[in-house]
Amino acid sequence: MNRLFIIGVLAVLLGIVCNLGMHTTLQYTDNMIQELANAKSVSASGDYNHAQELCEEINKDWQGCHEVLCTFMPHARLEAIDQTLSTLPELCETNSIEQFYSECDRGSVQLEYLKESEVPTLQNLF
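Heads up: these notes are all about the structure in this document. The residue count restarts for each chain, going from 1 along the sequence in the order it is written. Thresholds applied to this predicted model are a pLDDT of at least 70 for local features of residues and 80 or more for the giving and counting of side-chain atom pairs; totals over whole chains, interfaces and linings are not thresholded and use all residues. Excluding hydrogens and water, the side-chain values take into account all heavy atoms of the structure.

Right, let's get into the overall build of the chain. A count of helices and strands for the chain gives six helices and zero strands. Put simply, DSSP marks the helices as runs of H or I at least four residues long and the strands as runs of E at least two long, and each gets a number from the N terminus on. When the helices and strands of the chain are read in sequence order from the N terminus, they spell out α-α-α-α-α-α. Since a compact globule built from 126 residues should have a radius of gyration of about 14 Å, the 18 Å found for the chain marks it as more spread out than a globular shape. Projected onto its principal axes, the C-alpha positions of the chain cover 70 × 25 × 20 Å. Relative to its 126 residues, the chain shows a buried fraction of 33%. Residues count as neighbours in contact if any of their non-hydrogen atoms are within 4.5 Å of one another. Within the chain, residue pairs in contact and separated by at least 24 positions form 67% of the contacts whose partners lie at least 6 positions apart. Note that accessible areas follow from Shrake-Rupley with a 1.4 Å probe, and for residues the cover is restricted to the protein chains shown. Looking at the chain as shown, the accessible area adds up to about 8000 Å², and 58% of this sits on carbon and sulfur atoms. Note on method: radius of gyration uses C-alpha positions; expected globular size equals 2.2 Å times residues raised to 0.38. Here's how the labels work: a residue is buried when its accessible area is under 20% of the maximum for its type, exposed when over 50%, partly exposed in between, all with a 1.4 Å probe on protein chains only.

Next comes the structure, spelled out in structure tokens:
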């Protein structure tokens, strides 16, 4: 009887941890996608210095997210996003705007993929 109780407790704990991981991922990715869109819109208005500052903040924010997400996600996915986001400040500095837009879009797509991969759907389960 004690074994069944322990199994039940472990199942509940596992469900809570999985749910927390999913919600954390959704929250972090949504925030990062919004920050990328904000940096892109600021650069579209011609304020490249402010866009560069925003990109540096995005990198700092991502490092905090990375520390949390790497506890339960494959590092390869996170490293790809690291590489994309790390190029953004230099692209603003050199006024490579078309490439900056492309990298912002690439980062957003990578974050969307990361978000979708954590949602328990039939495609992700099987």
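From this point, the narrative continues.
Within a pair of aromatic rings, the relevant descriptors are the distance that separates the centres and the angle that separates the planes. Two aromatic rings, drawn from Phe, Tyr or Trp (for Trp, its six-membered ring), form a pair once their centres lie within 6.5 Å of each other, and the interplanar angle then sorts them: stacked below 30 degrees, edge-to-face above 60, tilted otherwise. Scanning the entire structure with this criterion turns up one aromatic pair. Look at Phe100 and Tyr101: their rings are 6.1 Å apart centre to centre, the planes differ by 55 degrees, and that puts the pair in the tilted class. Per residue, the accessibility class of Phe100 equals that of Tyr101, and both read buried.

Our next topic: the nonpolar core. Here, the term nonpolar core denotes a set of buried Ala, Val, Leu, Ile, Met, Phe, Trp, Tyr and Cys residues that are joined through side-chain atoms within 4.5 Å. Counting residues in hydrophobic clusters, the biggest one holds 25 residues, and the most contacted among them are Trp62, Leu85 and Phe100. Counting residues per element, the ones that place at least two in this core are α1 (2–44), α2 (48–69), α3 (75–86), α4 (88–93) and α5 (97–118). Residues within four places of Leu85 in sequence aside, it is in contact with Met32, Leu36, Ile58, Asn59 and Trp62.

Another point: the packing of α1 against α2. Only the stretch in contact is used when a helix axis is fitted, and all axes are lines through C-alpha atoms; the angle between N-to-C directions ranges over 0 to 180 degrees. α2 packs onto α1 with a crossing angle of 170 degrees between their chain directions and a minimal axis gap of 9 Å. Judged on the interaxial angle alone, α2 and α1 are roughly antiparallel. Touching Thr24, Thr25, Tyr28, Met32, Glu35, Leu36, Asn38, Ala39, Val42 and Ser43 of α1 are Tyr48, His50, Ala51, Leu54, Cys55, Ile58, Asp61, Trp62, Cys65, Val68 and Leu69, all from α2. Under the scheme applied here, ten amino acids are nonpolar (Ala, Val, Leu, Ile, Met, Phe, Trp, Tyr, Cys and Pro), four are charged (Asp, Glu, Lys and Arg), and all others, including Gly, are polar. Per-class residue counts for the contact of α1 with α2 are 14 nonpolar, five polar and two charged. We call two directions roughly parallel when the angle between them is under 35 degrees, roughly antiparallel when it is over 145, roughly perpendicular when it lies between 65 and 115, and oblique otherwise.

Before going further, it helps to examine α5. Taking 1.5 Å per residue, 22 residues should reach 32 Å; α5 reaches 32 Å between its end C-alpha atoms and fits that length. Ile97, Phe100, Tyr101, Glu103, Cys104, Gly107, Ser108, Gln110, Leu111, Leu114, Lys115 and Ser117 are the residues of α5 that are buried. The span one expects for a helix is its residue count, reduced by one, times 1.5 Å.

Attention now goes to the packing of α3 against α5. Two numbers describe how α3 lies on α5: the axes approach to 9 Å, and their chain directions differ by 160 degrees. As far as their axial angle goes, α5 and α3 are roughly antiparallel. Here α3 runs over α5; the crossing is left-handed. Along the contact surface, α3 presents Arg77, Leu78, Ala80, Ile81 and Thr84, while α5 presents Glu103, Arg106, Gly107, Gln110, Leu111, Tyr113, Leu114, Ser117 and Glu118. Tallied by class, residues from the contact of α3 with α5 come to six nonpolar, four polar and four charged. The sense of a crossing depends on the near helix, which, turned anticlockwise from the far helix by less than a right angle, makes the crossing left-handed and, turned clockwise, makes it right-handed.

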